[in-house]
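# Summary of the model geometry
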Amino acid sequence: MCGIAGMASTLSPDPRLVRRMCDVIVHRGPDGDGFHSDEHAALGMRRLAIIDLAGGGQPVYSEDGRVVAVFNGEIYNFPELRRDLVRRGHRLRSTGDSECLVHLYEEHGADMVRRLRGMFAFAVWDRDRERLVLARDRVGKKPLYWRADQTSIWFGSELKSLEQDPGMSREIDPVALHHYLTYQYVPAPWSIYQGVHKLPPGHMLIWERGQITVRRYWELDRTPRPVTDVRLEEARLRELLLEATRIRMVSERPLGAFLSGGIDSSAVVAAMAMQSGERVRTFCVGFEDSRYDERHKARMVADRYGTDHHELVVTADLLDVLPRLAWHFDEPFADSSAIPSFYVAQLSRRHVTVALNGDGGDECFGGYRRYALMDQARRIPALPAALAAVSARIGAVLAERSEAGSLPRHLGRLMRFAAERPSRRYPSLVSCFTHEQKAGVYSDALRHRLAEVDSYGLLETLFEGSRAGTDLGRVLDVDTLTYLPGDLLVKVDTTTMANSLEARSPFLDHHLMEWAAGLPGGLNIRGNQTKLLLKRAVAPWLPEELLRYRKQGFGVPLASWLRGELRELAFDVLTDDTARGRGLFRPPAIRSLLQRHMDGADHGGRIWALLQLELWYRARASASGAVVTEAGCPASLA
């Protein structure tokens, strides 16, 4: 990498992290004598090889060495990009996608990002301009962290890489912690560490001679278009899904698919089977608790298409996997479906290197029941303040004292929901801890520090700022910008990369998403029915019985696990001297929360969020303060 103004060095924590973009520190050299590179730079680029196995090494350079790039992800339209670049006179040394980046930058500058179709986080260094361009894909499938001071910028696809710098502060950002307890993940642009940021999806960052500019380069237009023939829309959806699936089946490594039994993953498997010359390999995990088990649905699709089908039953014997998960997730992460996600990735990796999935179908076509509730809520007027307060209190009691999925629980959540003003209904619906519940467990110091921080305001601002014409459209916008990249895609990317498996999501193809964004809301949701157009479109592909099932989700029997097999773990980890010594929470409040759950109230999600926070603390640092590798995680938490 000689010849680029500044200096770069690789910051990668463990040889087994073979899946991330080159993690680099860049700063302007004191004498401007060019960019130095040593053997560490070559060792640091550990991208999982899928295409161009022999010639796909990184970093990649322009012909004259003035532009260099590192890259994590896959560019699906790279054959067309290569052909165009060759026609323009560029000489490409490899046959893969990475090298396209430097030549695209030479042609289009930072706007090159608009020509990419795929999942990516990349860095391009322009020696002549002393300019660094960081960009993240439109939806946020690949992560990108950064921090900067007046003279330097550090970036990486994992926080672990930035943690290798002894100059980085390890101080926790209390605002990020506050948001985590509300949403079960740390939303962009925050990270759990003060001074470290996540680049939001669909954004680029330009660092030029110490000056930073962050700008958005993509957003969905949810203006409804006129639809005169629904059958034509169904046919178009099938065409788009087939094409999005086909381009994601290009691989020099074995290929398969996650098959949960839901409509989305089943449709992807069907699209694969119709375009594959061999049997599709499919993978499914289930539970002994029938309320959470969808293996029978997955088998319907596997049988219909004759797939090479593999299954695994997940139990609550998690003492070995929990510390590993806490280490792999760079930040506290409390979506309990990370457990089955990890196991299905582990199962898949025994047979394949690439797995397609159904992520994004719900956000594109209105699949969650909460979307139907928001659509119906437009008829609920804002309640007077006194009545709203009473409704919220009664609803909170009902929701807390009822089992998940029960009618009283649903009624309680509905009463709390109705008590909020329209723009705050959605954040209240998806929150783990309410503001009041957080205040109840915080230490005095933390409660005082965060008293004026409103986590609901994050989603409320996005809701009110959405250009969609309906509340349903605004909620889809909110989830596409927050829950999808902050929770779902983090979960899938982390659990698959932990197993050296690449996940690809046809429903998150930006061409398909842009088309779906213009659908009138009534084509997706009507009353309590969700995802209507998608179900009609894929009805010829799937068993009729499967289309009639109610959406189940990819959850785990968390409440019962925490009362049973994980009870001792929860009490031990959340109430011992180590946890109390952090000074974040009031010990009596934590013990009371645990006891109320054991007595029958459902606090499973809140206990899990606290448990994952504490496990994250323990997995990240040794007693000396050094970062722990995965191999250094405790073998058991018992």
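As a reminder, the structure under discussion sits directly above these lines.
These remarks concern the structure in this document.

How each quantity is defined
- Residues numbered from 1 in each chain as written.
- Predicted model: local features only at pLDDT ≥ 70, side-chain atom pairs only at ≥ 80, totals over all residues.
- Heavy atoms only, no water.
- Helix = DSSP H or I, 4+ residues; strand = E, 2+ residues; numbered from the N terminus.
- Pairing = 2+ DSSP bridges.
- Axes fitted to C-alpha atoms, helices over the stretch in contact; angles between N-to-C directions.
- Salt bridge = Lys/Arg side-chain N within 4 Å of Asp/Glu carboxyl O.
- Buried < 20%, exposed > 50% of the residue type's maximum accessible area, 1.4 Å probe, protein only.
- Contact = heavy atoms within 4.5 Å.
- Parallel < 35°, antiparallel > 145°, perpendicular 65-115°, else oblique.
- Left-handed = near helix turned anticlockwise from the far one by under 90°.
- Nonpolar A, V, L, I, M, F, W, Y, C, P; charged D, E, K, R; others polar.

A few words now on the environment of Arg-474. Residue position: Arg-474 is located in helix H19 (residues 471-481). Along the chain, Arg-474 and Leu-462 lie 12 residues apart, while their C-alpha atoms are 8.0 Å from each other.

Strand order in this open sheet of 5 strands is E14-E13-E12-E15-E16, and the pairing throughout is parallel. Single-partner strands in this sheet number two, and they are strand E14 (308-314) and strand E16 (502-504). Each neighbouring strand pair of the sheet contributes to a mean axis angle of 30°, computed without reference to strand direction. Pairing between strand E12 (residues 255-258) and strand E15 (residues 354-356): 3 bridges, direction parallel. Along E15, the bridge assignment pairs Gly-256 with Ala-355.

Going through the model one piece at a time under the given rule, you end up with 45 salt bridges. Glu-243 is the salt-bridge partner of Arg-246, the closest N and O atoms lying 3.8 Å from each other. Placement of the pair is Arg-246 and Glu-243 together in helix H6 (residues 230-247), with a separation of 3 residues, close to one helical turn. Residue class for Arg-246 comes out partly exposed when judged on its relative accessible area of 43%. Glu-614 is paired through a salt bridge with Arg-582; the nearest N and O atoms lie 2.8 Å apart. Highlighted residues: Glu-614 in helix H28 (residues 604-620) and Arg-582 in the loop between helix H26 (577-580) and helix H27 (587-598), separated in sequence by 32 residues.

Next up on the list: the side chain of Arg-295. Inspection of the secondary structure puts Arg-295 in helix H8 (residues 295-305). When sequence neighbours within four positions are dropped, the list of residues in contact with Arg-295 reads Cys-284, Val-285, Gly-286, Phe-287, Glu-311 and Val-313.

This paragraph deals with the packing of helix H15 (residues 422-430) against helix H18 (residues 456-465). At a minimum axis distance of 8 Å, the contact between H15 and H18 shows a crossing angle of 135°. One element, H15, and the other, H18, form an angle in the oblique class. In this structure, H15 crosses over H18, and the sense of that crossing is right-handed. Residues Pro-422, Ser-423, Arg-424, Tyr-426, Pro-427, Ser-428 and Val-430 of H15 lie in contact with H18, whose contacting residues are Tyr-456, Gly-457, Leu-459, Glu-460, Phe-463 and Glu-464. Considering only residue class, the contact of H15 with H18 consists of 7 nonpolar, 3 polar and 3 charged.

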